[in-house]
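Examining the three-dimensional arrangement
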Amino acid sequence: MQNVLIMPSERSSLIRSVRAFFRRDKFAAIAGILLVVIVTAAIIGPLVWRYQPNDIDLDEALQSPSMSHPLGTDNQGRDILARTLTGARISLGIAVAAAIISLLLGSVIGLIAGFAGGPVDSFAVSIIDIALAFPSLLLAIAISVIIPPGMVSVFVALSLVGWPTFARLSRSIFLSIKQSEFYVAALATGCSGPRLILGHALPNCIPLLIVAVSLRLGGFMLGEAALSFLGLGVQPPAASWGAMISNGRNFLHVAPWISVFPGIALALTIMAMNLLGDSLRDYLDPRMKM
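The text that follows walks through the structure, step by step, so that each part is easy to find. None of the values given here were measured: they were computed from a predicted structure.

**Brief notes about the overall build of the protein chain**
From N to C terminus, the protein chain includes 10 helices and zero strands. Ordering the α and β elements of the protein chain from the N terminus gives α-α-α-α-α-α-α-α-α-α. Per-residue burial for the protein chain yields a buried fraction of 41% across its 290 residues. Considering only contacts within the protein chain whose residues lie at least 6 apart along the sequence, 70% involve residues at least 24 apart. Put simply, the protein chain shows about 15900 Å² of open surface, and 69% of that area lies on carbon and sulfur atoms.

**Thoughts on the packing of aromatic side chains**
For the structure on display, the rule yields two aromatic pairs. Ring geometry for tryptophan 49 against tyrosine 51: centres 6.0 Å apart, planes inclined by 55°, an arrangement best described as tilted. Relative accessible area serves as the criterion here: at 18%, tryptophan 49 is assigned to the buried category. Residue tyrosine 51 is classed as partly exposed on the basis of its relative accessible area of 25%. With centroids separated by 6.2 Å and ring planes inclined at 80°, the aromatic side chains of phenylalanine 115 and phenylalanine 174 adopt a geometry described as edge-to-face. Of this pair, phenylalanine 115 sits in helix H3 (residues 80-116) while phenylalanine 174 sits in helix H6 (residues 151-177); the two residues are 59 residues apart in sequence, bridging distant segments of the chain. With a relative accessible area of 0%, phenylalanine 174 lands in the buried category. Taking NZ or CZ as reference, arginine 216 lies 5.2 Å from the ring centre of phenylalanine 220, over its face. For arginine 249, the ring lying beneath its charged end belongs to phenylalanine 229, and the centroid distance is 5.5 Å.

**Focus: a nonpolar patch on the surface**
Taken together, the side chains of Phe27, Ile30, Val260, Ile264, Leu268, Met271 and Leu275 make up a nonpolar region of the molecular surface, amounting to roughly 630 Å² of accessible area. Secondary-structure elements contributing two or more residues to the nonpolar patch are helix H2 (26-48) and helix H10 (257-284). Of the residues forming the nonpolar patch, the biggest block, five residues, is contributed by H10. Residue placement: valine 260 occurs in helix H10.

**Overview of the side chain of serine 214**
If you trace the backbone, serine 214 turns up in helix H8 (residues 193-229). Apart from residues lying up to four places away in sequence, serine 214 is in contact with Met273, Gly277 and Leu280.

**Structural notes on the nonpolar core**
In this structure, Met221 and Trp241 are the most contacted members of the largest nonpolar core, which totals 44 residues. Only H2, H3, helix H5 (136-146), H6, H8, helix H9 (241-248) and H10 provide two or more residues apiece to this core. In terms of residue count, H3 provides more of this core than any other element does, 11 residues in total. Excluding residues that lie within four positions of it along the chain, tryptophan 241 makes contacts with Ile38, Thr84, Gly87, Ala88, Ser91, Met221, Pro262, Ala265, Leu266 and Thr269. Within the second largest apolar cluster, 12 residues are counted, among which are Ile173, Ile177, Tyr183 and Leu209.

What counts and what doesn't
Residues numbered from 1 in each chain as written. Predicted model: local features only at pLDDT ≥ 70, side-chain atom pairs only at ≥ 80, totals over all residues. Heavy atoms only, no water. Helix = DSSP H or I, 4+ residues; strand = E, 2+ residues; numbered from the N terminus. Buried < 20%, exposed > 50% of the residue type's maximum accessible area, 1.4 Å probe, protein only. Contact = heavy atoms within 4.5 Å. Areas by Shrake-Rupley, 256 points an atom, 1.4 Å probe, with all protein chains shown as cover. Phe/Tyr/Trp six-rings, centres within 6.5 Å; stacked < 30°, edge-to-face > 60°. Lys NZ or Arg CZ within 6 Å of the ring centre and 35° of its normal. Patch = residues over 30% accessible without salt bridge, like charges linked within 9 Å, V, L, I, M, F, W, Y side chains within 5 Å. Salt bridge = Lys/Arg side-chain N within 4 Å of Asp/Glu carboxyl O. Core = buried A, V, L, I, M, F, W, Y, C linked by side-chain atoms within 4.5 Å.

As structure tokens, this is what we get:
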């Protein structure tokens, strides 16, 4: 048999694109490094740190940061570092999962509405406009009240709140694609609806949808923290940055570190996501390259 040598050109092209992106914007590089550190700490940290997030030791309650407890302890003697690392898993996991579901649901609805047009498009636009008319946090709170509090409640609430943004974006992109010559040519050759959507429209939507997800991730993180802070999200004793901030608000005068450290972690994560999303938008937007 003849040996076939496969050149990794696509992988090399992707690596070059990533390098060019980070070289172009130093803030994006800093944000990317920070996110990598946070995600790595969330994955590995709870496995190697000697304390468990729910270990209660009342003799160690409200201890200030020290060598044994670098971020201090809370009112039940639980290690703040252990809970912050575990909370990163929960907060990031819920935010990413909700963003993916919102993206998939919104993209499907938007593409189908743009392709079908007529009454289907009008009905979809009406639903999208109604969903966007409500403040996202208030709508998420209303959904969380209906569903029993917990991780599932937060996930469902954020997913139902987030999909209209992606639906409106994907629909608008598809409507612009319908006016292009390649779409008209594909339609004239008899391409089926699924092929037009998946083969022609979706590839042109992906870059802008990726940018939209990167810009919305910080909002999903903040939404999860807000719901958990209000007691409608992750329930005790599970660690969540929002729940930790809420738990420490009664001890701000005597033990501010209970709320401060998870608050700093949340702020840094959202800031890094927003910086990376802004840079990615500028990089993928053709108008910024003119």
